[in-house]
2 protein chains.
Amino acid sequence: MPKDRAPTRIQKKNRAAILEAALNVFSAHGFRGATVDQIAAEAGLSKPNLLYYFPSKEAIHTALLSGLLDTWLAPLHELDADGDPMEEILSYIRRKLQMSRELPRESRLFANELVQGAPRIHEALSNDLKALVDDKTTILTQWMDEGKIARLHPYHLIFSIWALTQHYADFDVQVRAILGNEDPFAGAEPFIDTLYRKLLTP
Amino acid sequence: MPKDRAPTRIQKKNRAAILEAALNVFSAHGFRGATVDQIAAEAGLSKPNLLYYFPSKEAIHTALLSGLLDTWLAPLHELDADGDPMEEILSYIRRKLQMSRELPRESRLFANELVQGAPRIHEALSNDLKALVDDKTTILTQWMDEGKIARLHPYHLIFSIWALTQHYADFDVQVRAILGNEDPFAGAEPFIDTLYRKLLTP
DNA sequence: CGTGAGTTTGACCAGATGGTCAAATCAAGA
DNA sequence: TCTTGATTTGACCATCTGGTCAAACTCACG
């Protein structure tokens, strides 16, 4: 393992390649289903070389998850208490749906982890995620109190947004098996938009 | 392997025990993450004994999935073209939500499979599932044409029901990490009910 | 009972997998 | 160019895992 100095050009390149490869493999096969050889091959490195940059398979997985958590939560962070309630929520939804379209691997990486009980990120859920959600539901509740949007259970409102948007990334195969050649997102966006306009209108 | 006669009392008992154990293990760890030893232990059998009843790990998984597919699709089957549109859809939703509450392992079994690209049930999706959904969306479209419910993309309407209801089983850890002690379903049922009443009202 | 089919198991195997290590190779600054 | 730390690798190891097999045991029934 390299010293703890500033990372070399080569270190940067290889670490990035490993994380990129790991994202492919872990999101497609889950932690247990992924093999170090597979990740190494996809990153264009030999297995011992990969293990020179990360001490273990687990370490790669952890680095990947914690590195992506911020990206994953960014859309919700942007929800602004001072904006127009309906527009704020709808644009949050649009950002989430866009992430499902553009970052399906990231979505499935988390889905894999969550479905299996989140053994490796349970703490982040109870701390970071819960704090963020609590913060934003306060805003939602405020808007409801002011009559700006319909009164609903704020937590379930958020869950519904996650469920509806991530469904298209996580269960992509199923969606495509049913829609055939139709682009899932082409229909999803107006559908979800309509749904929340109707739901949130007081 | 036993003859292909009528199954013995012991055969019935052990096959059932194996499938029950396999449901626990596969739903919690995915196909690759589950081990035959684990399933055998949970079923109270030795590994060779388990493999006396099923020829392979794969065979157990397949038997489990195909055996549960009917159960899983039953609620949608019940959607009746002759019933009251709003009530038919809302009670379909209630049945699905109830399945999430009562059969979360089954939900996660399918979720695990789907997230990883459904390598083992892809065919069932494109055939059985697609046929069923096509059948039921015809009914939905009819209701829309008759002005009984709001006009929406029927496929996405179904996807939304799946997403919203199964979310509570599949991502149970996340939901509970955020809700704390609150019972997820206590809030989910009225929320989802309200959501679809508003959405479907023309 | 006795017997044959059904059931169970300890011992074993081959391949996969995560990980190690010493030796070889490479890169860049003095 | 030389030196030193960074990088890479072939060979290797222990463990896990799906699966096999022959021998032992149990059960139902004539």
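Residues numbered from 1 in each chain as written. Chains lettered and ligands numbered in written order. Predicted model: local features only at pLDDT ≥ 70, side-chain atom pairs only at ≥ 80, totals over all residues. Heavy atoms only, no water.

Observations concerning the relation of the copies chain A and chain B
Line of reasoning, step 1. Of the transformation superimposing chain A on chain B, the axial component is 0.0 Å and the angular component is 180 degrees, with the fit at an RMSD of 0.1 Å. In short, the pair behaves as if placed about a two-fold rotation axis. The position closest to the rotation axis in chain A is occupied by the C-alpha of Ala 163 of chain A, lying 2.6 Å away.
Line of reasoning, step 2. Interface overlap between copies is the fraction of interface residues in one copy that are interface residues in the other; for chain A against chain B it reaches 100%, indicating a shared surface. (Least-squares fit on C-alpha atoms with pLDDT ≥ 70 in both. Contact = heavy atoms within 4.5 Å.)

Quick word on the packing of helix α4 (residues 57–77) of chain B against helix α6 (residues 104–115) of chain B
Residues and elements named next belong to chain B.
Line of reasoning, step 1. Between α4 and α6, whose axes approach to 11 Å, the crossing angle comes to 115 degrees. The two elements α4 and α6 cross, and the hand of that crossing is left-handed. Of the residues in α6, those touching α4 at His 61, Leu 64, Leu 65, Leu 68, Leu 69 and Trp 72 are Glu 106, Ser 107, Leu 109, Phe 110 and Glu 113.
Line of reasoning, step 2. Across the contact of α4 with α6, the residue classes break down as seven nonpolar, two polar and two charged. (Axes fitted to C-alpha atoms, helices over the stretch in contact; angles between N-to-C directions. Helix = DSSP H or I, 4+ residues; strand = E, 2+ residues; numbered from the N terminus. Left-handed = near helix turned anticlockwise from the far one by under 90°. Nonpolar A, V, L, I, M, F, W, Y, C, P; charged D, E, K, R; others polar.)

Details of the protein's contact with DNA strand C
Line of reasoning, step 1. The full set close to DNA strand C counts 22 residues, and Val 36 and Lys 57 of chain A together with Gln 11, Arg 32 and Tyr 53 of chain B are the nearest of them.
Line of reasoning, step 2. Among all atoms of DNA strand C positioned within 4 Å of the protein, those belonging to sugar or phosphate total 60%.
Line of reasoning, step 3. In the environment of DNA strand C, a phosphate oxygen lies 3.3 Å from a nitrogen or oxygen atom belonging to the backbone of Ala 34 of chain A.
Line of reasoning, step 4. A distance of 2.6 Å separates a phosphate oxygen of DNA strand C from a polar side-chain atom of Gln 11 of chain B. (Near = heavy atom within 4 Å. Polar contact = N/O pair within 3.5 Å; in protein donor to acceptor, adjacent residues only side chain to side chain.)

Points about α6 of chain B
All names here are of chain B.
Line of reasoning, step 1. Between its first and last C-alpha atoms α6 spans 16 Å; for twelve residues at 1.5 Å apiece the expected length is 16 Å, and the two agree.
Line of reasoning, step 2. The buried count for α6 comes to ten of twelve residues, which makes it a mostly enclosed element.
Line of reasoning, step 3. Taken residue by residue, α6 has Glu 106, Ser 107, Arg 108, Leu 109, Phe 110, Ala 111, Asn 112, Glu 113, Leu 114 and Val 115 as its buried positions.
Line of reasoning, step 4. Gly 117 occupies a position one or two residues after α6 and carries a positive phi of about 90 degrees. (Expected span 1.5 Å × (residues − 1). Buried < 20%, exposed > 50% of the residue type's maximum accessible area, 1.4 Å probe, protein only.)

Remarks on the domain arrangement of chain A
Residue and element names in this part refer to chain A.
Line of reasoning, step 1. Per the domain assignment, the segments of chain A are domain 1 (1–55) and domain 2 (65–200).
Line of reasoning, step 2. Measuring from the centre of the C-alpha atoms in domain 1 to the corresponding centre in domain 2 gives 29 Å.
Line of reasoning, step 3. Taken together, the contact pairs seven residues of domain 1 with seven residues of domain 2.
Line of reasoning, step 4. At the boundary of domain 1 with domain 2, total buried surface from both sides reaches about 640 Å², with 58% on carbon and sulfur atoms.
Line of reasoning, step 5. When residues of domain 1 are sorted by the area they lose upon contact with domain 2, Leu 23, Ser 27 and Phe 31 head the list and together hold 70% of the total. (Domains from an automatic or database assignment. Buried area = accessible area lost by both parts, 1.4 Å probe.)

Quick notes on the interface of chain A and chain B
Line of reasoning, step 1. The interface of chain A with chain B comprises 52 residues on the first partner and 52 residues on the second.
Line of reasoning, step 2. Taken together, the two surfaces of chain A and chain B that pack against each other cover about 4700 Å², and 70% of this comes from carbon and sulfur.
Line of reasoning, step 3. The largest share of the area that chain A buries against chain B comes from Val 115, Ile 178 and Phe 191 of chain A, three residues that together contribute 15% of it.
Line of reasoning, step 4. Viewed at the interface, chain B and chain A are joined by zero salt bridges.
Line of reasoning, step 5. Applying the counting criterion to the chain A and chain B interface returns 19 residue pairs in polar contact (both at pLDDT 80 or more).
Line of reasoning, step 6. Looking at the side of chain A that touches chain B, the elements that each hand over two or more residues are α1 (9–33), α6 (104–115), α7 (122–145), α8 (154–170), α9 (172–179) and α10 (184–200) of chain A.
Line of reasoning, step 7. With eleven residues, the single largest contributor to the side of chain A that touches chain B is α8 of chain A.
Line of reasoning, step 8. In terms of residue class, the side of chain A that touches chain B is built from 28 nonpolar, 18 polar and six charged. (Salt bridge = Lys/Arg side-chain N within 4 Å of Asp/Glu carboxyl O.)

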